[in-house]
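Descriptive analysis of the structure
For reference, the chains in residue letters:
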Amino acid sequence: MVVRSKAAPPTPWSRNMAEPQIHKTAYVHSFSNMIGDVRVGAHVLVAPGTSIRADEGTPFSIGEYSNIQDGVVIHGLDAGRVVGDDNNPYSVWIGKNCSIAHMALIHGPAYVGDSCFIGFRSTVFNARVGKGCIVMMHALIQDVEIPPGKYIPSGAIITNQQQADRLPNVTETDTKFATHVLGINEALRSGYHCVEDKACVLEIRNEAPGAVSSNSNATTQETMTITQEAISQVRDLLAGGYRIGTEHVDERRFRTGSWQSCAPIESKNLSDVISSLEQCLAEHRGEYVRLIGIDAKAKRRVLETIVQRPNGQVSSTNGNGNSSYRPSNTSSSYSAPTGNGGGLPTELADQVNHILTQGLRLATEHVDERRFRTGSWKSCAPIESKNLSQVLAELGNCLAEHQGEYVRLIGIDPKAKRRVVETIIQRPNEPLATNGNGSASSAAKNYSSSSNSAPSGGSGHLGNGVADTVRQILSQGLRLGAEHVSKRRFSSGSWESCGAIDTQNQSQALGAVDGFIRQYPGEYIRIIGIDPKAKRRVVETIVQRP
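This write-up is about the structure you can find in this document. All values derive from a computational prediction rather than experimental measurement.

**Comments concerning a positive patch on the surface**
There is a patch of like positive charges on the surface, built from Lys-96, Lys-131, Arg-243, Lys-268 and Lys-297. By the element assignment, Lys-268 lies in the loop between strand E24 (260-261) and helix H6 (270-283).

**Examining the pairing of strand E17 (residues 123-129)**
By the bridge criterion, 6 bridges tie strand E15 (residues 105-112) to E17 in an arrangement that is parallel. What sits directly across from Tyr-111, in E17, is Arg-128. Sheet topology places E17 next to strand E19 (residues 140-142); 3 bridges connect them, and they run parallel. Bridge pairing links Phe-125 to Gln-142 in E19. Both E17 and strand E20 (residues 145-146) contribute to a ladder of 2 bridges, which runs parallel. Note that in E20 the partner of Val-129 across the bridge is Ile-146.

**Things to note about the pairing of strand E10 (residues 73-76)**
Where strand E7 (residues 51-54) meets E10, 2 bridges bridge the pair, whose relative direction is parallel. Residue Ile-52 lies in a different strand from E10, and its bridge partner there is Ile-74. Bridge count for E10 against E15 is 4 bridges, and the pairing is parallel. Counterpart to Ile-74 in the pairing with E15 is Ile-106.

**Examining the sheet that holds strand E32 (residues 418-426)**
Read from one edge to the other, the open sheet built from 4 strands follows the order E30-E29-E31-E32, with strand pairing classed as antiparallel. Each edge of the open sheet is held by one strand with a lone partner, namely strand E30 (378-379) and E32. Pairing between strand E31 (residues 406-413) and E32: 7 bridges, direction antiparallel. Within E32, the position partnered with Arg-408 by the bridge is Ile-424.

**Regarding the state of the cysteines**
Evaluated as defined, the whole model comprises 2 disulfides. Across a sulfur-sulfur distance of 2.0 Å, Cys-262 and Cys-280 are joined as a disulfide pair. Of this pair, Cys-262 sits in the loop between E24 and H6 while Cys-280 sits in helix H6, and the two are 18 residues apart along the sequence. Residue Cys-280 is classed as buried on the basis of its relative accessible area of 3%. There is a disulfide in this structure between Cys-380 and Cys-398, and the S-S distance comes to 2.1 Å. Within this pair, whereas Cys-380 is found in the loop between E30 and helix H9 (388-401), its partner Cys-398 is found in helix H9, the two being separated by 18 residues in sequence. Given a relative accessible area of 11%, Cys-380 falls into the buried group. Overall, Cys-398 belongs to the buried group, its relative accessible area being 4%.

Calculation rules
- The residue numbers shown here count from 1 along each chain, following its written sequence.
- Whole-chain, interface and lining totals are the exception, using all residues; otherwise, since this is a predicted model, local features are given only for residues with pLDDT of at least 70 and side-chain atom pairs are given and counted only at 80 or more.
- Where side-chain values are given, they derive from all heavy atoms of the structure, hydrogens and water being excluded.
- Patches draw on residues past 30% relative accessible area with no salt bridge. Two like charges within 9 Å are joined, as are two nonpolar side chains (Val, Leu, Ile, Met, Phe, Trp, Tyr) within 5 Å.
- Accessibility throughout is a Shrake-Rupley quantity obtained with a 1.4 Å probe, and a residue counts as covered only by protein chains that appear here.
- Put simply, a salt bridge is a Lys or Arg side-chain nitrogen that is within 4 Å of an Asp or Glu carboxyl oxygen.
- For the charge count, each Lys or Arg is scored as positive and each Asp or Glu as negative, with His and the chain ends excluded.
- In plain terms, the charge of a residue is placed at NZ if it is Lys, CZ if Arg, CG if Asp and CD if Glu.
- Secondary structure follows DSSP: runs of H or I at least 4 residues long count as helices, runs of E at least 2 residues long count as strands, and numbering of each begins at the N terminus.
- Strands pair, by our definition, only if DSSP identifies at least two bridges between them.
- The term disulfide is used for any two cysteine sulfur atoms that are within 2.5 Å.
- Accessible area is worked out with a 1.4 Å probe on protein chains only. A residue is then buried under 20% of its type maximum, exposed over 50%, and partly exposed in between.

This is how it looks when you write it as structure tokens:
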């Protein structure tokens, strides 16, 4: 790799002529310019057309796994410094796992915390941007300190602290978007390194079509491939700072949960981790293999996903931490591991996982048809666990015990001691189960089906589940919103607003939602409940799928 980097020029304010320090795992494109005391961390990508000049303000630090995209300019004034996370002064500090997007300007003194996204053509000058902030396109941040975890919309001009303090918090969707960008650029960094390695290029050209990668010690028949879902999960875990582990178990010991560890994975490089995972799959053909995400600080597991089953077929994952095994001759359905409430549909499992990840407590209630009209709900057995598998099992027990009744799922904010989610997941005439084809009924059905009748004043295109969700959102004093996304953009979480729903009238709100469903056929549509005081989302429910 030929990198266009050189020492800082001697000037009246500095004559040390410092040179860039670039970690061997980083990739700095030859069409970028890097001057002076620039410290580039491990696994960083610096794309073509960038200008990083530590010739006036100095030094600069770019943290590991960050990416500096095409056309970015990083410069600094001689006067003024920020304190980096290592407690040393810097003209520009960019933390770990950051994305500085195309044509952005970071002008020191400037601090950008870990896991931040700075959007196209946005400017950060004489400012601090806290950890986990999302700055969208064409924004200006100057002379302020942005608190951690804040969202700065496109075109915003934030030049006083009062504006900065009023910014909304980032949402889970925003964080997924930023993580997705990180993963894309990590793959690009690995790819650029590969292009410059003749052995890597030769290996790829000799690969069979469709293979993600191969175990060099295996024969063609024994080559194992990993699904894109599993690769995405590994990428997201690494971007979140988690360690990766793998375990295996044979069919006999699977029922007792006697898992054994595969070889430890010490690397944090995506390609190295994928290679280790493939090696574990190849060594333990005919067994269950699962992928584990580990929070090293808290010393706990944050993810367990089965990625191979005894027949040797690699499983797909549904993104909620459980394995979703999809045989080639059936349609997609949620199939949890033994004891995890195996009949629950994917949408319900996703919703439970979403509630748990927000730190909410989970509960269930039931009521028969006669008492439903008076709202005389009764609690099912308490759910104390926060483990997804155990929660799904207890939820399955409640549904089984109260067949022929209404059952609703509740998310409770333990700090505020109030309910923030109430969703009916079973109705007397629509038992929650999977049919013979593996597809789920009730909560898992497509809400845009015209066979469901909406309440008076609503629309015939809305199912009962949607109408109930809208009512619950409005009855809690939340604002209602709606977003849509095409199939292609769904995987990157690039949702767009359908338009404002300003009314608190149920009939008008249902009419607006129905209008959006008619307006965007063939796209995903979700409705959102927003807490106007806390300025955050508390409900997100997909009501139409392509």
